[in-house]
Amino acid sequence: MCNSSLFAEYRFAENTLTKDDLLNRPTNMWRYREFLPVIDPANIVTLGEGFTPILPLQNLRSQTGDIEVMWKDEAGNPTGSFKARGIGMAVSKAKELGINTIVTPTAGNAGGALAAYAARAGIRAIVYLPVQTPQLFKDECRLYGAEVIEVDGSISDCGRLANEEALKNGWFQVSTLKEPYRLEGKKTMGYEIAEQFDWQLPDVILYPTGGGTGLIGIWKAFDELERLGWIGPKRPQMVAVQSQSCAGIVEAFQDKKVVSAFMDGGFTIANGLRVPKPYADRLILRVLYQSRGTALSVSDTDMADALKEIARHEGMLIAPEGAALWHAFKQLKATGWLRSGQKVLLLNTGSGYKYLENIT
């Protein structure tokens, strides 16, 4: 047992799909189905996930100068977050494989997504989440019919218990990067970014990094698109943004390490960023080094202030994880790390409405 991440690979040399073929396809993540792991389309379990908008920053441009800043807003996905992509893919593949019980540890959004997609597929869902998770997420899971197990600890504790019970009972785990399918759903963000930018990637991408699946998936997508001949070798600089509560990736990056240390400072309003030690820390750090990117952490106070600023000036009630990016952007601009004339994309991973218990 290698105790590492698995990745799906495709025969790109045999591909006959062209960019023009995408023009008449549905505007969801399944438009890239040739490069996704579900073989029979009859097994696709969908609620309309993907192809989320890219919105330019409008009323806060006085703070961005001549740097062009845009949001890719994942809040409109089913169940209100980007988790719909990875979970939708994993549940679809589970259906194709004949699996009848799926389990996941979650900080909130992944649990709600699993509960919804499992209900759609007719598959049993079991969700382990921390006791400190906002009640809305617990209620959401239960409303979709999932079995909810509350754990007095962090998502790492949830993951340990979920793993033990899954091995004992023969359940299929969809823990972050412990199976290859959630990554394949998340990578569709990278395909969309390339297509929405007319196949010319932005200069910098800021990503809220808990488990890091999205950051790794986007990077994988860019590699696949180059192998297809749809983009060139140029890559964005990738920026991992963490909560000061769990900033192991930031510390590892600053110390030029290849793995992160366990770090859990307790509750953060960005529940999705309370990941004390990402399972794929090596892969996250590799992307940051390869892209000549960086990593930084944001306090809860600064996240809350950024969330309110975006809401009041841009009309977007984004998740605290996404709000952390706005504060991080201002930090990077102030230090000169960001340069004039660059195109910068911020990934808002979910809806702020689901975090009202944390932020009001």
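Shown above is the structure to which this text applies.
Because the structure is predicted, anything quoted here is derived from the model rather than measured.

Turning to the overall build of the protein, a few remarks are in order. Broken down by element type, the protein carries twelve helices and ten strands. Against the 2.2 N^0.38 benchmark of 21 Å for 360 residues, the protein shows a C-alpha radius of gyration of 19 Å, consistent with a compact globule. Oriented by its inertia axes, the alpha-carbon framework of the protein measures out at about 55 × 50 × 40 Å. Looking at the protein alone, contacts between residues at least 24 apart form 72% of all its contacts between residues at least 6 apart. Summed over all atoms, the accessible surface of the protein reaches about 14400 Å², with 48% contributed by carbon and sulfur. Distance between charge centroids for the protein: 2 Å, based on 39 positive and 40 negative side chains.

Here we take up the pattern of salt bridges. One pass over the structure, following the stated rule, counts 25 salt bridges. Note that E9 is salt-bridged to R227, the shortest N-O span being 3.6 Å. Taken as a pair, E9 in the segment before strand 1 (54–56) and R227 in helix 7 (residues 213–228) lie far apart in primary sequence, 218 residues in all. One salt bridge connects R25 with E34, and the closest N-O pair in it is separated by 2.7 Å. Judged by relative accessible area, R25 falls into the buried class, the value being 14%.

Time to look at the pairing of strand 4 (residues 124–130). Here is the key point about a regular strand: its side chains alternate between the two faces of the sheet. Taking burial as the measure, the seven residues of strand 4 include six buried ones, the bulk of the element. As judged from the five bridges shared by strand 3 (residues 101–105) and strand 4, these two strands associate in the parallel manner. What sits directly across from V103, in strand 4, is I126. Judged from the five bridges that link them, strand 4 and strand 5 (residues 147–151) form a sheet pairing that is parallel. Of the residues in strand 5, the one forming a bridge with V127 is V148. Each parallel crossover has a hand, and for strand 4 linked through helix 3 (residues 135–143) to strand 5 it is right-handed.

This next bit is on the nonpolar core. Grouped together as the largest cluster of nonpolar side chains are 46 residues, with contacts concentrated most on L215, F222, L225 and L288. Among the elements of the structure, helix 6 (188–196), strand 7 (204–208), helix 7, strand 8 (237–243), helix 8 (248–254), helix 9 (281–290) and strand 10 (343–348) are those that each provide at least two residues to this core. When neighbours within four sequence positions are excluded, L288 is seen to be in contact with L215, M238, V239, A240, I249, F253, G293, T294 and A295. In this structure, A304, L325, A328 and L338 belong to the second largest nonpolar core, which totals 32 residues.

Turning to helix 3, a few remarks are in order. For helix 3, the set of buried residues is F137, K138, E140 and C141. Seen end-on, helix 3 carries its buried residues on one side only, within an arc spanning 160°. In this structure, the buried side of helix 3 is in contact with helix 2 (109–121), strand 4 and strand 5. Just downstream of helix 3, G145 is the residue with a positive phi angle, here 95°.

If you check helix 4 (residues 155–169), its first and last C-alpha atoms are 20 Å apart, about what 15 residues at 1.5 Å a residue would give, namely 21 Å. Looking at the buried positions of helix 4, the neighbouring elements they touch are strand 3, strand 4, strand 5 and strand 6 (172–173). The N-capping residue of helix 4, defined by a side-chain oxygen 3.2 Å from the backbone nitrogen of S156, is S154. Following helix 4 by one or two positions, G170 adopts a phi angle in the positive range, close to 75°.

Analysis parameters
- Residues numbered from 1 in each chain as written.
- Predicted model: local features only at pLDDT ≥ 70, side-chain atom pairs only at ≥ 80, totals over all residues.
- Heavy atoms only, no water.
- Helix = DSSP H or I, 4+ residues; strand = E, 2+ residues; numbered from the N terminus.
- Rg over C-alpha atoms; globule rule 2.2 N^0.38 Å.
- Contact = heavy atoms within 4.5 Å.
- Areas by Shrake-Rupley, 256 points an atom, 1.4 Å probe, with all protein chains shown as cover.
- Lys, Arg positive; Asp, Glu negative; His and termini not counted.
- Charge placed at Lys NZ, Arg CZ, Asp CG, Glu CD.
- Salt bridge = Lys/Arg side-chain N within 4 Å of Asp/Glu carboxyl O.
- Buried < 20%, exposed > 50% of the residue type's maximum accessible area, 1.4 Å probe, protein only.
- Pairing = 2+ DSSP bridges.
- Right-handed = clockwise from strand over helix to strand, strands pointing away.
- Core = buried A, V, L, I, M, F, W, Y, C linked by side-chain atoms within 4.5 Å.
- Arc of directions from axis to C-beta.
- Expected span 1.5 Å × (residues − 1).
- Polar contact = N/O pair within 3.5 Å; in protein donor to acceptor, adjacent residues only side chain to side chain.

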